[in-house]
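Next come the chains, spelled out residue by residue.
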Amino acid sequence: MHHPSTLSPRRRGASAVAIGLIAVAALAGCSSKAVQTTTSGTDGGLTTLTPAGAADVDKVTWNVFQGEPQTVDPFHAADYTPNMINSNMCESLLQQTPDFQIKPGLAKTFTNPDPLTWVYELRDDVTFWDGTPMTADDVAYSLDVNLKDKTSFYNYLYANVASVAKSGEHQVTVKLSKPDYLFNEEMASSAGVVVEKAFHQKAGKKFGSPDTGLMCTGPYRFTQWKQGQSISATRYDEYWNKDLKPKVQQIDFTFLTDDNAITSGLLAGQIDGTYNVPTSGAAQLKASSAGKYYVGAAPLETTLVVANPKGALANTNVRKALQLAIDWKGIGQTVYGGLGTPSKLQTPPSVYGFAKDELNKLAGTVTSDGTAQIEKAKALLADVPAEVKAKEITLVVPAQAETQQLGVSIKDSADKIGLKFKLNVVPATGYSNYLYDPATRGSTDLLYTQFWPGIPNPLDWLATTAVTGGTFNQSGYDGIDTLFAQARATKDPAQRAAVVAQAEKKLLDEMTPMFPGVELRNDVWMNNRITGAPASFDYVYYPWAAHLGGTK
């Protein structure tokens, strides 16, 4: 898995378990000036940064659409809600920017003097919210938590780490048991998060809880958690990154999950802004003169996971035929309100990263534009034994409007090519059990998921979805394990990209363990009081709220 990926429907609250992201250079610290605003999402283009805030604001109320988090402990939280809040409070050694670049963060530089060593030179001007300077001891301790705590969400990314140690006054060295060229970039996810050692040790298991909070270095400090109501964060005026100076004094994160309540709250001015604009209220909010709506890029994909390697989908042609029959283009338009674009590979384009050229070339060999190809699908089934085609394929989706609409569309596609298909709709609150509990899942063939990686790196995506032990590899597929290990251990980016392309080609040819689905766009709405929130999908790992400000 990776930092956050999630099974939750894009638009609202099934209990989502984030994974991947999931839950992987060296210049000066990231500056907000490095990211350029593109065209407005309202005219069909994609926006990276919305117009910059111009004035100080005492307080902003921002809704976190998935509801109240269980914890804001960055070692044990990985989903929309906790990450949307945490990203403004806790920082990592490296940083992901709104344009999906990885830049220096709390580490100003890093080096790889030999294949088994990563050395991080730390900034010497960083303090925690209590005024205590961040030290190499704090950094080594924080990485060690992810290394040694098996319950940490990011422990799996430390599989090749032998040790973490302070190696200078402002230096930390990570020693590996084998070369790992995914690990360093994962330091831009919460795998590289830094907390204050003394505070964490004293808090113990209460770290990140409503009563205890946490102690980090970000532009906003934890202030108060009113359970059932809101989490408040206050501007930290001694924040080290002077290029990213927050204009909002206090942010109250509220927990509304009902679409109508969110829409009404936005239009009435009770809520200043939200990501993931409610589908049911989108048209009204877009048309309203009370605020502005933007759309940005996102490494976020709705897709199907092959969960049963022994049923009807054990046959490669059945898998390929079903994929061809699904109208992914239509799903992107109708189910996701035009925010979904068909992906040609199992890894969506925004995650191609270092392998961009090779994967674009591979994607160019896929002739389908995502529309249903019924006759081609039927032709693939011509040589499939009748007893295989007679087996029933089951798909489970959570009981929410979008996911049910998705499920109905896929069943319709299967029916059109003569496959026996059953759609099971289960309560949203229990859907995660199908993904993580084999007993609940049983012989289910396909599972809905919505997935996002921890970093814009195809190895991060593959580690979670297609490699042995991956959290979203429910079928136990092991076909690219060797290629994945080879790529992870390859230093040269071009050579690594070539191996990744081989792995993606194999996944495409076998159409397992995940179907290419629809890559989604991110959207954001802010009322006329405020502006500045990035429109791209960065709110789960970047201090996005530091860009907010008043419009006048």
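The residue count restarts for each chain, going from 1 along the sequence in the order it is written. Given that the model is predicted, a residue must reach a pLDDT of at least 70 before its local features are reported, and side-chain atom pairs must reach 80 or more before they are shown or counted; all residues, however, enter totals for whole chains, interfaces and linings. For the side-chain quantities, the full set of heavy atoms in the structure was used; hydrogens and water were omitted.

Under an unreviewed UniProt entry, the name given to the protein chain is Peptide/nickel transport system substrate-binding protein, and the source organism is Arthrobacter woluwensis.

### Considering the overall build of the protein chain
Strands are runs of DSSP state E lasting at least two residues, helices are runs of H or I lasting at least four, and both sets are numbered from the N terminus onward. Counting its regular elements, the protein chain contains 17 helices and 19 strands. C-alpha atoms define the radius of gyration in this analysis, and the globule rule sets the expected value at 2.2 Å times the number of residues to the power 0.38. Here the protein chain has a C-alpha radius of gyration of 23 Å; the compact-globule value for 552 residues is 24 Å, and the two agree. Projected onto its principal axes, the C-alpha coordinates of the protein chain cover approximately 70 × 55 × 40 Å. With 552 residues in all, the protein chain has 62% of them scored as buried. Accessibility throughout is a Shrake-Rupley quantity obtained with a 1.4 Å probe, and a residue counts as covered only by protein chains that appear here. Of the accessible surface of the protein chain, which amounts to about 19,800 Å², a share of 50% is contributed by carbon and sulfur atoms. Note on charges: Lys and Arg go in the positive column, Asp and Glu in the negative column, and His and the chain ends are not counted at all. To locate a charge, take NZ of a lysine, CZ of an arginine, CG of an aspartate or CD of a glutamate. Between the averaged position of the 49 positive side-chain charges in the protein chain and that of its 54 negative side-chain charges there is a distance of 2 Å. Exposure categories follow from relative accessible area, calculated using a 1.4 Å probe and restricted to protein chains: below 20% of the type maximum is buried, above 50% is exposed, and the middle band is partly exposed.

### Some words on the nonpolar core
Only buried residues count toward a nonpolar core, which is a set of Ala, Val, Leu, Ile, Met, Phe, Trp, Tyr and Cys residues joined through side-chain atoms within 4.5 Å. One finds Trp 62, Leu 93, Tyr 120, Trp 544 and Leu 548 to be the most contacted residues of the largest nonpolar core, which totals 160 residues. These domain limits were set by an automatic method or by a database of domain assignments. There are two domains that each give this core at least three residues, and those are domain 1 (91-198) and domain 2 (300-520). Any two residues whose heavy atoms approach within 4.5 Å are treated as being in contact. Apart from residues no more than four positions distant in its own chain, Leu 93 is found in contact with Pro 104, Gly 105, Leu 106, Ala 107, Tyr 120, Leu 122, Val 139, Leu 143, Met 187, Gly 192 and Val 194. Membership of the second largest hydrophobic core comes to ten residues, among which are Val 277, Val 295, Leu 339 and Trp 525.

### A closer look at helix H2 (residues 136-148)
Taking 1.5 Å of rise per residue, 13 residues should cover 18 Å, and H2 covers 18 Å from first to last C-alpha, within 8% of that figure. Across the 13 residues of H2, eleven count as buried, placing the element largely inside the fold. Among all positions of H2, only Ala 136, Asp 138, Val 139, Ala 140, Tyr 141, Ser 142, Leu 143, Asp 144, Val 145, Asn 146 and Leu 147 are buried. Here the buried face of H2 lies against strand S5 (117-122), strand S6 (161-168), strand S7 (171-176) and helix H4 (197-203). Among the residues of H2, the N-terminal cap falls to Thr 135, whose side-chain oxygen and the backbone nitrogen of Asp 137 are separated by 3.2 Å. By definition here, a helix of n residues has an expected span of 1.5 Å times n minus one. Here a polar contact is recorded for every N or O atom pair within 3.5 Å, except that within protein the pair must consist of a potential hydrogen donor and a potential acceptor, and residues adjacent in sequence are included only if both atoms are side-chain atoms.

### Concerning the pairing of strand S15 (residues 421-426)
For two strands to be treated as a pair, DSSP must find no fewer than two bridges joining them. Both strand S14 (residues 393-398) and S15 contribute to a ladder of six bridges, which runs parallel. The residue bridging Thr 394 from the neighbouring strand is Lys 422, located in S15.

### Thoughts on the domain arrangement of the protein chain
The domain boundaries assigned to the protein chain delineate domain 1 (91-198) and domain 2 (300-520). Computed over C-alpha atoms only, the centres of domain 1 and domain 2 are separated by 33 Å. Taken together, the 15 residues of domain 1 in the interface contact 13 residues of domain 2. Summed over both partners, the interface of domain 1 with domain 2 buries about 1,200 Å², with 54% contributed by carbon and sulfur atoms. For salt bridges, the criterion is a side-chain nitrogen of Lys or Arg within 4 Å of an Asp or Glu carboxyl oxygen. Our enumeration of links across domain 1 and domain 2 arrives at one salt bridge. Remark: the boundary between domain 1 and domain 2 carries four residue pairs in polar contact (both at pLDDT 80 or more). Under the grouping applied here, Gly and all other residues not named as nonpolar or charged are polar, the nonpolar ones being Ala, Val, Leu, Ile, Met, Phe, Trp, Tyr, Cys and Pro and the charged ones Asp, Glu, Lys and Arg. Looking at the side of domain 1 that touches domain 2 residue by residue, the class counts come to eight nonpolar, four polar and three charged. Reported buried area values correspond to the accessible surface (1.4 Å probe) lost by two parts on association, with both partners' losses combined.

### A word on the sheet that holds S6
Strand order across the open sheet formed by four strands is S4-S5-S7-S6, with antiparallel pairing between neighbours. Two strands in the sheet have a free side with no partner beyond their single neighbour: strand S4 (107-114) and S6. Across the sheet, the mean angle from the axis of one strand to that of its neighbour is 20°, orientation sign disregarded. Pairing between S6 and S7: six bridges, direction antiparallel. Bridge pairing links Lys 166 to Val 172 in S7. For helices, the fitted line uses only the C-alpha atoms of the stretch in contact; every axis is such a line through C-alpha atoms, and the angle between N-to-C directions lies from 0 to 180 degrees. Across the sheet, H2 touches S5, S6 and S7, and the angle it forms with S6 is around 175°.

### Description of the state of the cysteines
Only a pair of cysteine sulfur atoms within 2.5 Å counts as a disulfide in this structure description. Under the definition given, this model contains one disulfide. Bridging Cys 90 to Cys 216, the disulfide has an S-S length of 2.1 Å. Judged by the torsion about the S-S bond (70°), the Cys 90/Cys 216 disulfide is right-handed. Highlighted residues: Cys 90 in the loop between helix H1 (80-86) and strand S2 (94-96) and Cys 216 in the loop between H4 and strand S8 (220-226), separated in sequence by 126 residues. Exposure remark for Cys 216: the relative accessible area of 0% places this residue in the buried category.

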